[in-house]
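# Coordinate analysis (summary)
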Amino acid sequence: TGTIAVTADATYDVSFTQPAGTSIKNIIMIAAGNLVTAGASGDDIDFDLGTSAGGGQIIDEKAIADDGGSAVTIAANTPLFIVENGIPAAANKFANMSGGPATSEAMTLAASLASSSERTLHIRLKPLANDLATAATTVTFVIDFITLP
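Just so it is clear, the model here is predicted, and its values are computed rather than measured.

### Description of the overall build of the protein
For the protein, the helix and strand inventory stands at 0 helices and 12 strands. Moving toward the C terminus, one meets the helices and strands of the protein in the order β-β-β-β-β-β-β-β-β-β-β-β. With the principal axes as the frame, the protein shows a C-alpha extent of 45 × 30 × 25 Å. Looking at the protein residue by residue over its 149 residues, the buried ones come to 44%. In the protein, 76% of the contacts between residues at least 6 apart in sequence involve partners at least 24 apart.

What follows is the structure, given as C-alpha cells:
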C-alpha cells in the first residue's frame, strides 16, 4: 500500500518481494479514494513496474489513466487488473467497467514476469504535467504469484 498525493511530476512508490521460482499472475490496483486527472492533454497517471524504483524494467511508464484533454477518473474501490492471468492490460481495458478509467494505455512487458530467484520489485505511480484534480489517497496493490515447475 502506498499514498498518492495530487502533485504533478512527483513519484509514489510501493515495493514488494517476489518469491524465488514464481511468476506474477495478477497485479490488482485498488485506490481508496477517487483519482482524477486535471483534464488537459498529457495529464496522465502513469504506472511503472521494475527491479529498481522507477526503472521500468518490466512495464515502463504506461498511462493507467490516459488524459487526452478530458479528465479521467479511477473511482474509489475499483479493482483494476494491471496484469491478469499473466497478461498485461490492453489499451482501454477498463473503459466498460463501472468505476474504471475511460482511457488507458496498453501495458506492455519489457521483461519476464517470472523469476528463478527472489527479487524486490517496485511499482511507481506518477501524475504527469498538472496536479491531479482529486487524489491524496492510498492505493493498494494485490499481487498473486504462481509457482513455476
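### Considering the environment of Asp 9
By secondary structure assignment, the location of Asp 9 is in the loop between strand E1 (2–4) and strand E2 (12–18). The residues touching Asp 9, leaving out its near neighbours within four places in the chain, are Lys 126 and Pro 127.

### With respect to the confidence of the model for the protein
Close inspection of predicted coordinates is inappropriate for parts of the model with low pLDDT. Residues with a pLDDT of 70 or more make up 100% of the protein, whose mean pLDDT is 93. Looking across the protein, the model is least confident in E1, with a mean pLDDT of 76, and most confident in strand E10 (residues 114–115), with 98.

### As for the sheet that holds strand E6 (residues 59–65)
Spatially, E2-E11-E5-E6 is the arrangement adopted by the 4 strands of the open sheet, whose pairing is antiparallel. Sheet topology places E2 and E6 at the edges, where each strand pairs with a single neighbour. The sheet shows a mean angle of 20° between the axes of neighbouring strands, taken without regard to direction.

### Digging into the pattern of salt bridges
Applying the stated criterion across every chain yields a total of 3 salt bridges. With a closest N to O distance of 2.7 Å, Asp 13 and Arg 124 form a salt bridge. One end of the pair, Asp 13, is in strand E2; the other, Arg 124, is in strand E11 (residues 119–127), with 111 residues separating them in the sequence.

### Examining the nonpolar core
In terms of nonpolar packing, the biggest core is built from 34 residues, with Ile 27, Met 29, Leu 35, Phe 47, Leu 49, Ile 64 and Phe 141 touching the most fellow members. Going through the elements one at a time, E2, strand E3 (22–31), strand E5 (45–50), E6, strand E8 (80–84), E11 and strand E12 (137–147) are the ones with two or more residues in this core. No other element matches E3, which puts 4 residues into this core. The contact partners of Leu 35, leaving out residues within four places of it in the chain, are Ile 4, Met 29, Ile 45, Val 72, Thr 73, Ile 74, Thr 134, Ala 135, Thr 137 and Val 139.

### Regarding the packing of aromatic side chains
Here the structure, examined in full by the defined rule, presents 2 aromatic pairs. Measuring from centroid to centroid gives 6.2 Å for Phe 16 and Phe 145, while their planes differ by 45°, and the two rings are tilted. With Phe 16 in strand E2 and Phe 145 in strand E12, the pair connects residues that are 129 residues apart, well separated along the chain. Given a relative accessible area of 13%, Phe 16 falls into the buried group. Assessed through its relative accessible area of 29%, Phe 145 is described here as partly exposed. The interplanar angle of 50° and the centroid separation of 6.3 Å between the aromatic rings of Phe 47 and Phe 141 together place this pair among those described as tilted. Taken as a pair, Phe 47 in strand E5 and Phe 141 in strand E12 lie far apart in primary sequence, 94 residues in all. One exposure class covers both Phe 47 and Phe 141, and it is buried.

### Some words on unusual backbone geometry
With the exception of glycine, the majority of residues adopt a negative phi angle, and the majority of peptide bonds are in the trans configuration. Despite not being glycine, Asn 77 shows a phi value in the positive range, around 60°. Relative to the helices and strands, Asn 77 resides in the loop between strand E7 (73–74) and E8. In this model, Asn 85 sits at a positive phi of 55°, which is unusual for a non-glycine residue. Topologically, Asn 85 is positioned in the loop between E8 and strand E9 (87–88).

About the thresholds
Residues numbered from 1 in each chain as written. Predicted model: local features only at pLDDT ≥ 70, side-chain atom pairs only at ≥ 80, totals over all residues. Heavy atoms only, no water. Helix = DSSP H or I, 4+ residues; strand = E, 2+ residues; numbered from the N terminus. Buried < 20%, exposed > 50% of the residue type's maximum accessible area, 1.4 Å probe, protein only. Contact = heavy atoms within 4.5 Å. pLDDT = per-residue confidence, 0-100. Pairing = 2+ DSSP bridges. Axes fitted to C-alpha atoms, helices over the stretch in contact; angles between N-to-C directions. Salt bridge = Lys/Arg side-chain N within 4 Å of Asp/Glu carboxyl O. Core = buried A, V, L, I, M, F, W, Y, C linked by side-chain atoms within 4.5 Å. Phe/Tyr/Trp six-rings, centres within 6.5 Å; stacked < 30°, edge-to-face > 60°.

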